[in-house]
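A structural walkthrough
Chain by chain, the residues run as shown.
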Amino acid sequence: MFKVNPYRPGNGLMPTYLAGRDEDIANVGQMFDALTMNIPTQSVIFSGLRGVGKTVLINRLQKMAEDKDIFCKHIEVEERNDFIAQIASCSQSFLRKVSTKEKFRHLIQKPLDAIKALVISFDPNDNTFSLSLQEKELYQSINLTQSLTEVFTTIGETAYKSETPVCFFIDEIQYMKPRELGALIAALHRTNQLGYPVMMIGAGLPKIYKMLSEEKSYSERLFLYKEIGSLTEEQSKNAIIMPAQKFGVTYAAEAVDRIIAITKGYPFFIQQLCQVVYKNTDENLIQPSHVERNTAEFFETLDVGFFKVRYERCADSDKKFIFAMVRCGELPCTISNIAKNLHKTVGSVSTTRAQLINKGIIYPIRYKELDFTVPEFSGFIQRLEEYRQWLSEQPD
């Protein structure tokens, strides 16, 4: 028999009740209000571990921006995708929107030429534009920062004159190539200097702070940074209780406490555990015993999905590095202790460290310390037979 389940674990899926982000939503809402008045504002960067709800939050903010008639486009950066092609496509969509209004059509050509230069220079396989050999030679002499800045400033000018503010939502920023990120920061900075209503809401893993500052020193002033973490105890209670109320289902206080203890307040984990408990419970009052009976299924679900999909992206050398991290016992751990557990020098494991950071599996904390970007990932590793076998082969 089908049973409607109010809990929605998933990558970016909007929960039926979004807990703990009211302040962030209200603050960005005020920034959107400024943008609709043609007042340029800071862009916002949200950072945090996997499963804390960064994508859910920016999706909610995008819906809010659209309701305020701000032109929005969502870009999810991937390791193998071309960011430049994506930003060019989003910019063209903006021009199509503006061109639907007869009185603004004269504003289109200048930004269209800028997009053409960007695409031809940095996406040579794109066949959107037909150019002469002379034009191709001209466009291919332009550098990325110059070209992207031209796109943003001309888009910004059009946005200002047509009273159509723009907000780009960019997820998984940590996968951007350094030169792309540097060009994006410079382009956005110049657009803000000119007073145009263009902003960006970004999200990514904790390493993005370092990435941004390394590319441009002024990025600290360009962006409003906000770290997204696990929910507080009160916020966690609301995330657990509120979705089930409309179905007449309540939780015993001890059951709520147990769920918070198991999930440690991470929004994705709360959704996943509550979905399993709700699915397998036929009573209207969920007791601690219901939570205990379903905890094993909860971890099994995480292991075969949330955790495994990241683990399987790792090469053998990556996995051994991860095993050595877990063997440290307490995280974060130093690179020297990891190397010691691998019976290698720090220098010989630096390449693997860099690969795992680039894959978004680990991130640096403080000086020479590392942790996993996925909460409770060390517990998953400890449950693996592969890890236990490796551990048994290590000298005391």
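Everything quoted here is computed from the prediction, not taken from an experiment.

**Focus: the overall build of the protein**
- Within the protein one finds 18 helices and 10 strands.
- Considering only C-alpha atoms, the protein reaches an extent of 70 × 60 × 40 Å along its principal axes.
- Counting all 396 residues of the protein, 53% fall into the buried class.
- Excluding contacts between residues fewer than 6 apart, the proportion of contacts in the protein whose partners are at least 24 apart in sequence is 75%.
- Counting only carbon and sulfur atoms, one obtains 48% of the accessible surface of the protein, whose full area is about 18800 Å².
- On the protein, the mean spot of the 47 positive side-chain charges and the mean spot of the 48 negative ones are 2 Å from each other.

**Concerning the packing of helix H14 (residues 316–327) against helix H16 (residues 346–358)**
- Where H14 contacts H16, the two axes come as close as 10 Å, and the packing angle between them is 95°. One finds that H14 runs roughly perpendicular with respect to H16. Between H14 and H16, the contacting residues are Ser317, Asp318, Phe321 and Ile322 on the first element and Val349, Thr352, Arg353, Gln355 and Leu356 on the second.
- Partitioning the contact of H14 with H16 into residue classes produces 4 nonpolar, 3 polar and 2 charged.

**Focus on the packing of aromatic side chains**
- Under the definition given, this model contains 24 aromatic pairs.
- Ring geometry for Phe152 versus Phe168: centroids 5.6 Å apart, planes at 45°, classification tilted. Placement of Phe152 in helix H6 (residues 144–162) and of Phe168 in strand E3 (residues 166–171) is noted, with a sequence separation of 16 residues between them.
- Looking at Phe152, the relative accessible area reads 3%, which means it is buried.
- Ring geometry for Phe269 versus Phe298: centroids 6.3 Å apart, planes at 80°, classification edge-to-face. Taken together, the residues span a long stretch of sequence, with Phe269 in helix H12 (residues 267–279) and Phe298 in helix H13 (residues 288–311) at a distance of 29 residues.

**A closer look at the sheet that holds strand E9 (residues 362–365)**
- With respect to topology, 3 strands assemble into an open sheet ordered E8-E10-E9, the strand pairing being antiparallel. Edge positions in the sheet fall to strand E8 (333–334) and E9, since each has one partner strand and no second.
- Strand direction decides the pairing type here: E8 and strand E10 (residues 369–372), joined by 2 bridges, are antiparallel. When the bridges of E10 are listed, Cys333 appears paired with Leu370.

**Let's talk about empty space enclosed by the protein**
- One pass over the full model with this rule turns up 1 cavity of 30 Å³ or more.
- Taken together, Lys97, Val98, Lys101, Phe104, Ser162 and Thr164 form the lining of the largest cavity.
- Split by residue class, the lining of the largest cavity holds 2 nonpolar, 2 polar and 2 charged.

**A closer look at the confidence of the model for the protein**
- Put simply, the protein has an average pLDDT of 89, and 94% of its residues get 70 or more.
- Averaged pLDDT values for the elements of the protein fall to 49 in helix H5 (residues 133–139) and rise to 97 in helix H11 (residues 253–263).

**Remarks on the pattern of salt bridges**
- A full pass over the atoms with the stated rule returns 17 salt bridges.
- A salt bridge links Glu180 to Lys177, with the shortest nitrogen-to-oxygen separation between them at 4.0 Å.
- When its relative accessible area of 5% is taken as the criterion, Glu180 is described as buried.
- In this structure, the salt-bridge partner of Arg383 is Asp303, at a minimum N-O distance of 2.8 Å. Pair noted here: Arg383 is in the loop between helix H17 (377–382) and helix H18 (385–392) and Asp303 is in helix H13, with a separation of 80 residues, a long-range link.

**As for the packing of helix H10 (residues 233–245) against H11**
- At their nearest, the axes of H10 and H11 sit 10 Å apart, and the two run at 110° to each other. Between H10 and H11, the angle falls in the class roughly perpendicular. Between H10 and H11 lies a crossing of right-handed hand. Together, Glu233, Ser236, Lys237, Ile240 and Ile241 of H10 and Val256, Asp257, Ile259 and Ile260 of H11 make up the contact between the two elements.
- For the contact of H10 with H11, the per-class residue count stands at 5 nonpolar, 1 polar and 3 charged.

**Quick look at the side chain of Asn341**
- Summarising the element assignment, Asn341 is placed in helix H15 (residues 335–342).
- In this structure Asn341 comes out as buried when scored by relative accessible area, which is 15%.

**Quick notes on helix H8 (residues 208–215)**
- Listing the buried residues of H8 in full gives Ile208, Met211 and Leu212. An end-on view of H8 places all buried positions within 95° of arc, on one side of the element.
- Next to the buried residues of H8 lie strand E1 (43–47), helix H7 (178–193), strand E4 (198–204), helix H9 (219–222) and strand E5 (223–227).

**Side note on the state of the cysteines**
- In this structure the tally under the stated criterion is 0 disulfides.
- Just so you know, Cys314 is unpaired, no disulfide at all, and the nearest cysteine sulfur is the one on Cys333, 15 Å from it.
- Judged by relative accessible area, Cys314 falls into the buried class, the value being 7%.

What counts, and at which threshold
Residues numbered from 1 in each chain as written. Predicted model: local features only at pLDDT ≥ 70, side-chain atom pairs only at ≥ 80, totals over all residues. Heavy atoms only, no water. Helix = DSSP H or I, 4+ residues; strand = E, 2+ residues; numbered from the N terminus. Buried < 20%, exposed > 50% of the residue type's maximum accessible area, 1.4 Å probe, protein only. Contact = heavy atoms within 4.5 Å. Areas by Shrake-Rupley, 256 points an atom, 1.4 Å probe, with all protein chains shown as cover. Lys, Arg positive; Asp, Glu negative; His and termini not counted. Charge placed at Lys NZ, Arg CZ, Asp CG, Glu CD. Axes fitted to C-alpha atoms, helices over the stretch in contact; angles between N-to-C directions. Parallel < 35°, antiparallel > 145°, perpendicular 65-115°, else oblique. Nonpolar A, V, L, I, M, F, W, Y, C, P; charged D, E, K, R; others polar. Phe/Tyr/Trp six-rings, centres within 6.5 Å; stacked < 30°, edge-to-face > 60°. Pairing = 2+ DSSP bridges. 1 Å grid on protein atoms, 1.4 Å probe; cavity = no way out; pocket = protein on both sides within 12 Å on 5 of 7 lines; lining within 4 Å. Points joined across faces, edges and corners; volume = space filled by probe spheres on them. pLDDT = per-residue confidence, 0-100. Salt bridge = Lys/Arg side-chain N within 4 Å of Asp/Glu carboxyl O. Left-handed = near helix turned anticlockwise from the far one by under 90°. Arc of directions from axis to C-beta. Disulfide = S-S within 2.5 Å.

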